[in-house]
Amino acid sequence: MRKIGFSLLTFIFLLLSFSVQVQAAENSVDDQASLFTSEEVAQLKDAITPIEAKTKATVFVVTNTDNDLDSTRFADYYMLDRIGKNQNGITFYIDMNQRKFIISTSGNMIDYLTDQRIEQALDDIEPSMKSGNYFQAAQSFLSNTSYYFDQGVPGGHYRIDTETGKITRYKVLTTSEIAIAFFAAIVLSGLFFAISISKYQLKFGTYKYPFREKTTLNLTKRNDVLVNSFVTTRRIPRNNSSGSSGGGGSGGSSTHSSGGGTFGGGGRSF
């Protein structure tokens, strides 16, 4: 009975997880400008589902014709309203009123979609946007998002706050580094274990360490006084060209704040 009950609970959990993923994908395409057919919307949702599953991020494709806000801000606030502050997400926004297309990133997607990767994605999307093939543009966005996530966070990655100039660096472990560290930990643990047994001639089950006779305790008083601290910042000039909204090199992601949340991304006119 216990095995049957456990199997039933596992099945219900998997079913609920699948239902949540499907519901998330169902709400991922918001085509207010009616740029896609019903079949195209269904295809985009089908493409979004596996991307959300592996990235643990929410993916949005949004269009409209009546936006008067800055296009980048609109994309940021749309995602902020849908998933909350600094949650994992990425939005492809087509602003038909201002003739702009935007990629906005939040959470972990800021680190996967660096400035250079966003520029390359915009290069791939731009021809379709200018020719009016918006479905193909959305497909290109999804393809690039999936591809760059599979590539992983670049080595030496960092974020640049374009408003304060603050640089935050991240250490990314490669697969080989993880394997080497794991192997070294096993070897060192084995050596320590063998040396301890040899040194003390331990006999398991009968040996008891006389800790009362062989331990001492010395208490000392220590006061630490902070004399000074320094924070180094530099101003990163904004890029006002038609390309991405920030620079930063191949491994960097430029970020900005909207509504208290941190976002990355870029966009162009068409």
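A brief look at the structure comes next. (Residues numbered from 1 in each chain as written. Predicted model: local features only at pLDDT ≥ 70, side-chain atom pairs only at ≥ 80, totals over all residues. Heavy atoms only, no water.)

1. Quick word on the overall build of the chain
Looking only at helices and strands, the chain has 7 helices and 8 strands in total. In the chain, buried positions account for 37% of the 270 residues. Taking as baseline every contact in the chain between residues at least 6 positions apart, the subset at least 24 positions apart corresponds to 71%. When the accessible surface of the chain is totalled, it reaches about 17,000 Å², and 57% of it is carbon and sulfur. (Helix = DSSP H or I, 4+ residues; strand = E, 2+ residues; numbered from the N terminus. Buried < 20%, exposed > 50% of the residue type's maximum accessible area, 1.4 Å probe, protein only. Contact = heavy atoms within 4.5 Å. Areas by Shrake-Rupley, 256 points an atom, 1.4 Å probe, with all protein chains shown as cover.)

2. Regarding the packing of aromatic side chains
For the structure on display, the rule yields 8 aromatic pairs. Each ring, one from Phe 92 and one from Phe 141, has its centre 5.1 Å from the other, and the planes form 20°; the classification is stacked. Placement of Phe 92 in strand S3 (residues 89-95) and of Phe 141 in helix H6 (residues 134-151) is noted, with a sequence separation of 49 residues between them. Residue class for Phe 92 comes out buried when judged on its relative accessible area of 0%. A residue is classified by how much of its surface remains accessible, and Phe 141, at 2% relative accessible area, is buried. (Phe/Tyr/Trp six-rings, centres within 6.5 Å; stacked < 30°, edge-to-face > 60°.)

3. Examining the packing of helix H2 (residues 38-55) against H6
The contact between H2 and H6 brings their axes to 11 Å, and the two run at 10°. The angle between H2 and H6 places the two elements in the roughly parallel class. Considering only the axes of H2 and H6, their crossing is left-handed. Side by side, H2 and H6 meet where Glu 40, Gln 43, Leu 44, Ala 47, Ile 48, Ile 51, Lys 54 and Thr 55 of the first sit next to Phe 135, Ala 138, Gln 139, Leu 142, Thr 145, Ser 146, Phe 149 and Asp 150 of the second. (Axes fitted to C-alpha atoms, helices over the stretch in contact; angles between N-to-C directions. Parallel < 35°, antiparallel > 145°, perpendicular 65-115°, else oblique. Left-handed = near helix turned anticlockwise from the far one by under 90°.)

4. Thoughts on the environment of Ser 128
Mapped onto the secondary structure, Ser 128 falls in helix H5 (residues 115-130). The buried category is assigned to Ser 128, whose relative accessible area is 7%. For the pair formed by Ser 128 and Gln 139, sequence separation is 11 residues and the distance between their alpha carbons is 10.0 Å. In contact with Ser 128, other than residues within four places in its own chain, are Asn 133, Tyr 134, Gln 136 and Ala 137.

5. Considering the nonpolar core
Among the nonpolar cores identified, the biggest contains 33 residues, and Phe 36, Phe 92, Ile 103, Ile 125, Met 129 and Phe 141 are the most heavily contacted of them. Ranked by residue count, the leading element in this core is H6, at 8 residues. Those residues in contact with Ile 103 that sit more than four places away from it in its chain are Ile 90, Thr 91, Phe 92, Ala 121, Leu 122, Ile 125, Phe 141, Gly 264, Gly 265 and Gly 266. In this structure, Phe 74, Met 79, Tyr 93 and Phe 263 belong to the second largest nonpolar core, which totals 10 residues. (Core = buried A, V, L, I, M, F, W, Y, C linked by side-chain atoms within 4.5 Å.)

6. A closer look at the packing of H5 against H6
At a minimum axis separation of 8 Å, H5 and H6 run at an interaxial angle of 160°. On the basis of the axis angle, H5 is roughly antiparallel to H6. Crossing geometry of H5 relative to H6 is assigned as right-handed. Residues Arg 117, Gln 120, Ala 121, Asp 124, Ile 125, Ser 128 and Met 129 of H5 touch H6, and the partners they reach there are Tyr 134, Gln 136, Ala 137, Ser 140, Phe 141, Asn 144, Tyr 148 and Gln 151. Here the residues of the contact of H5 with H6 are counted per class, giving 7 nonpolar, 6 polar and 2 charged. (Nonpolar A, V, L, I, M, F, W, Y, C, P; charged D, E, K, R; others polar.)

7. Let's talk about the sheet that holds strand S4 (residues 100-106)
Taken together, the 8 strands give an open sheet; going across it, the order is S1-S2-S3-S4-S8-S7-S5-S6, and neighbouring strands pair in mixed fashion. Only two strands of the sheet have a single neighbouring strand rather than two, namely strand S1 (29-31) and strand S6 (167-169). This sheet shows a mean twist of 25° between the axes of neighbouring strands, independent of strand direction. Pairing of strand S2 (residues 58-64) with S3 involves 7 bridges; the strand directions are parallel. Directly across from Thr 58, in S3, lies its bridge partner Gly 89. (Pairing = 2+ DSSP bridges.)

8. What about the pattern of salt bridges?
Counted according to the given criterion, the structure contains 7 salt bridges. Put simply, Arg 73 and Glu 163 hold a salt bridge, and the shortest N to O gap is 3.9 Å. A residue pair is termed long-range when its members are at least 10 positions apart, and Arg 73 in helix H3 (residues 71-83) and Glu 163 in the loop between strand S5 (158-161) and S6 qualify at 90 residues. By relative accessible area, Arg 73 is classed as partly exposed at 29%. In this structure, the salt-bridge partner of Asp 123 is Arg 268, at a minimum N-O distance of 2.8 Å. With Asp 123 in helix H5 and Arg 268 in strand S8 (residues 261-269), this pair connects stretches of sequence that are 145 residues apart. For Asp 123, a relative accessible area of 42% corresponds to the partly exposed category. Members of the salt-bridge network, linked through shared partners, are Glu 119, Asp 123, Glu 126, Lys 130 and Arg 268. (Salt bridge = Lys/Arg side-chain N within 4 Å of Asp/Glu carboxyl O.)

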